[in-house]
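Observations on the three-dimensional arrangement
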Amino acid sequence: YRPDGTLDFLGRNDSQVKIRGLRIELGEIEASLARHPGLREVLVVPDAGGTEALLAYYIAADGVQEISAQALRAHLLAFLPDYMVPAAYIRLDAFPLTTNGKIDRAALPRPDADAYSMRAYHAPVGDVEHAIAGIWADLLKLDKVGRNDHFFELGGHSLLALSMIERMQREDLEVDVRVLFMTPTVAELAAATKKVKEFVL
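Note that the structure is a prediction, hence the values are computed from the model and not measured. (Residues numbered from 1 in each chain as written. Predicted model: local features only at pLDDT ≥ 70, side-chain atom pairs only at ≥ 80, totals over all residues. Heavy atoms only, no water.)

Quick notes on the overall build of the protein chain
Counting its secondary structure elements, the protein chain contains 6 helices and 5 strands. Of all 201 residues assigned to the protein chain, the portion counted as buried reaches 44%. Here the contacts in the protein chain between residues at least 6 apart in sequence split such that 58% fall between residues at least 24 apart. Of the roughly 11500 Å² of accessible surface on the protein chain, a fraction of 51% belongs to carbon and sulfur atoms. (Helix = DSSP H or I, 4+ residues; strand = E, 2+ residues; numbered from the N terminus. Buried < 20%, exposed > 50% of the residue type's maximum accessible area, 1.4 Å probe, protein only. Contact = heavy atoms within 4.5 Å. Areas by Shrake-Rupley, 256 points an atom, 1.4 Å probe, with all protein chains shown as cover.)

Below, the structure written as structure tokens:
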């Protein structure tokens with residue numbers, strides 16, 4: 001309170017954020033991620049790149065050579081609902097610090113393709129798969145997407161799904177958004193899209 005009785009709002013005293021309309025406590029995610037025996041320090045932040053996803057940064061425990069994004073995602077799914085699980089996992093040797101010794105969040109690197117839970121790459125087959133993979137890569141800000149990659153494992157969510165369906169419709173690929181949740185890989189969705197088009201015709 002100020003001397004005149006007015007109240008100054010200084011901000012939240014916790015690390016709660018709102019992602020896609022859901023309130024999420026970042027500390028809860030960090031605590032669950034820190035339970036992984038291969039990690040020494042962790043940090044979870046909202047993606048500043050506009051994807052409305054969560055990004056996890058970590059420093060591996062001494063002697064730990066490699067931890068896949070898929071393994072970390074699976075670890076978190078044992079403790080948290082899917083909407084609280086980060087889309088990308090970025091390994092750092094040390095967190096960037098400000099002159100005051102706090103983590104410099106603005107200096108955190110952007111995730112690359114290895115930071116996502118991508119499956120073994122197999123190139124898309126046929127025009128429909130190529131079109132879908134291109135749309136996903138653009139929406140999810142990835143260099144490439146394979147035919148076996150999973151939309152939600154790559155950081156996709158329901159709002160992006162609507163954008164994806166709109167983009168598909170612009171390319172004369174008709175499919176209902178509900179189909180995506182049942183066929184979330186490029187190959188599966190392409191097959192479902194073909195069936196829908198054949199049915200319509």
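Let's talk about the packing of helix H3 (residues 126-140) against helix H4 (residues 158-170)
Two elements in contact, H3 and H4, have axes separated by 10 Å at closest approach and are oriented at 140 degrees. In terms of their interaxial angle, H3 and H4 are classed as oblique. For the crossing formed where H3 meets H4, the hand is right-handed. Listed contacts from H4 to Ile132, Ile135, Trp136, Asp138, Leu139 and Leu140 of H3 are Leu160, Ser163, Met164, Arg167 and Met168. (Axes fitted to C-alpha atoms, helices over the stretch in contact; angles between N-to-C directions. Parallel < 35°, antiparallel > 145°, perpendicular 65-115°, else oblique. Left-handed = near helix turned anticlockwise from the far one by under 90°.)

Thoughts on the nonpolar core
In terms of nonpolar packing, the biggest core is built from 41 residues, with Tyr57, Trp136, Phe151, Met164, Met168 and Leu189 touching the most fellow members. Of all the elements in the fold, those that place two or more residues in this core are strand E3 (39-46), strand E4 (54-60), strand E5 (88-91), H3, H4, helix H5 (177-182) and helix H6 (186-200). Counting residues per element, this core draws most heavily on H3, at 9 residues. Leave out the neighbours within four places in its chain, and tyrosine 57 touches Glu41, Val42, Leu43, Val45, Ile90, Leu92, Phe95, Leu108 and Pro109. Residues Leu26, Val44, Leu54 and Ala60 belong to the second largest nonpolar core, which totals 20 residues. (Core = buried A, V, L, I, M, F, W, Y, C linked by side-chain atoms within 4.5 Å.)

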